[in-house]
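The lines below spell out each chain.
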Amino acid sequence: LTPFSASEEMRSTWQGKAGRSPLQALYESDQFEQSSLQAVHQQRREMLSNVCSRYTRKRRLLQPDDLRHLVVDDTHGLLYCYVPKVACTNWKRVMMVLTGQGKYQDPLEIPAHEAHVPSNLRTLSEYSVPEINYRLRSYLKFVFVREPFERLVSAYRNKFTLSYNTAFHKRYGTKIIRRHRQEPSEQALERGDDVRFEEFVYYLLDPRTLQEEPFNEHWERVHSLCHPCVIHYDVVGKYETLAEDANYILQLVGADTSIKFPASSKTRRTTDMMAQFFQDISPFYQRRLFNLYKMDYLLFNYSIPSYLRIR
């Protein structure tokens, strides 16, 4: 397969030189009046574009395998790059309703585990290169992001502190404890179910980790999962404004008004709670961890957390 990038045609469409992007076409129709929400999304796209131009010297060629996180809805002309720990289960449920030809009516009726079955949704990597380029050029593309360390803590809590996640304990926990705990017990080495947050941080920063295999998608950086400097996203939604951003996207693609994004029962992470996770991490390691996720902070306009001791 020929590697492909954001072609000249795609870039000029995005920049408005040769035709209109799907988003521009919608804006120019009578369907939407100028709104503060539109302005917010315009600012997010501009921020993304500015950071990309400042920090990416060499345009990366994407292979189809890089597109496994882009879910395709051919009915509504929609591409969604899913990021674990950023409402992706609910978004996959919504995508199943949108693509299901009436098989599903209510996203919340779809069990969470079913939303993650690969065969239930098509990803862009399954298409031919011409089909991929056509969809990148003409479909509405969106991604949802979250404050990077909040997402990281959420991934840690979900994968390492819940008793039912035995697959993660065996796959990652045992290795983390073996490498990053002094004098681990036999039980800890065998079960891997009591990884401490600081041990998880040491694992992320250990050069051997990425030499051996890519990061798991739950703690991989958004820019590595979704390639926002090559793929020009029309909408960058944020976890912090989830409900309004989700409704905005459903409105943009003309989804049936009966399709609602599930109301979130999420509890807001407090700064105090986040500070507790980082209190045992030295400033040296805080700085290194921040540098690891720095591009996500820059691209999506998140500020350095106030609880970090790295200034």
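The residue count restarts for each chain, going from 1 along the sequence in the order it is written. Totals for whole chains, interfaces and linings use all residues, but because this is a predicted model, local features are given only for residues with pLDDT of at least 70 and pairs of side-chain atoms are given and counted only at 80 or more. With hydrogens and water set aside, each side-chain value is computed from the structure's full complement of heavy atoms.

Caption draft 1: How the structure looks around helix α6 (residues 129-138). Along α6, the positions that sit buried rather than exposed are Val129, Ile132, Asn133, Arg135 and Leu136. All buried residues of α6 fall inside an arc of 165° around its axis, so they share one side. A 1.4 Å probe rolled over the protein chains alone gives each residue an accessible area, and that area as a share of the maximum for its type sets the label: buried under 20%, exposed over 50%, partly exposed in between. Strands are runs of DSSP state E lasting at least two residues, helices are runs of H or I lasting at least four, and both sets are numbered from the N terminus onward. Taking the helix axis as origin, the arc is that swept by the directions to the C-beta atoms.

Caption draft 2: Region of the structure containing the state of the cysteines. Pairs of cysteine sulfur atoms within 2.5 Å are identified as disulfides in what follows. With the rule as written, the count across this model stands at two disulfides. The disulfide partner of Cys52 is Cys229, and the S-S distance across this bridge is 2.0 Å. With the S-S dihedral at roughly -85°, the linkage between Cys52 and Cys229 falls on the left-handed side. On the criterion of sequence distance, the pair formed by Cys52 in helix α3 (residues 36-55) and Cys229 in the loop between α12 (222-226) and β4 (235-238) is long-range, its members being 177 residues apart. Accessibility classification places Cys52 together with Cys229 in one group, the buried group. Each sulfur of the disulfide joining Cys81 and Cys226 lies 2.0 Å from the other. Taking the torsion about the S-S bond as the criterion, the Cys81 to Cys226 disulfide, at about -90°, is left-handed.

Caption draft 3: Main features of the packing of helix α10 (residues 197-205) against helix α15 (residues 283-292). Every angle, taken between N-to-C directions, lies between 0 and 180 degrees, and every axis is a line fitted to C-alpha atoms, over only the stretch in contact when it is a helix. Here α10 crosses α15 at 55°, and the two axes come no closer than 10 Å. The pairing of α10 with α15 is recorded here as oblique in orientation. By crossing handedness, the relation of α10 to α15 is classed as left-handed. Only Tyr285, Arg288, Leu289 and Leu292 of α15 make contact with α10, whose side of the interface consists of Val201, Tyr202, Leu204 and Leu205. Ten residues, namely Ala, Val, Leu, Ile, Met, Phe, Trp, Tyr, Cys and Pro, are considered nonpolar, four, namely Asp, Glu, Lys and Arg, are considered charged, and the remaining ones, Gly among them, are considered polar. Of the residues contributing to the contact of α10 with α15, the split by class is seven nonpolar, no polar and one charged. With respect to orientation, any angle under 35 degrees is reported as roughly parallel, any angle over 145 as roughly antiparallel, any angle of 65 to 115 as roughly perpendicular, and every other angle as oblique. Left-handed describes a crossing whose near helix is turned anticlockwise from the far helix by less than a right angle; the clockwise case is right-handed. Contacts are residue-level and defined by heavy atoms, with any inter-residue pair within 4.5 Å sufficient.

Caption draft 4: Region of the structure containing the packing of helix α7 (residues 148-160) against helix α14 (residues 271-278). The geometry of α7 relative to α14 is characterised by a closest axis approach of 11 Å and an angle of 70° between their N-to-C directions. The orientation of α7 with respect to α14, classified from their angle, is roughly perpendicular. Pair α7 / α14 crosses with left-handed handedness. Contact residues: Phe149, Glu150, Val153, Tyr156 and Arg157 in α7; Met273, Met274, Phe277 and Phe278 in α14.

Caption draft 5: Region of the structure containing the packing of aromatic side chains. Between the rings of Phe, Tyr and Trp (Trp by its six-membered ring), a pair exists once the centres lie within 6.5 Å; its type follows the angle of the planes, with under 30 degrees stacked, over 60 edge-to-face, and the other angles tilted. With the rule as written, the count across this model stands at 29 aromatic pairs. Two conditions define a charge sitting above a ring: the NZ of Lys or the CZ of Arg must be within 6 Å of the ring centre, and it must be within 35 degrees of the ring normal. Across from the ring centre of Tyr82, 3.7 Å away, lies the NZ or CZ of Lys92, which sits over that ring. For Arg122, the ring lying beneath its charged end belongs to Tyr127, and the centroid distance is 4.1 Å.

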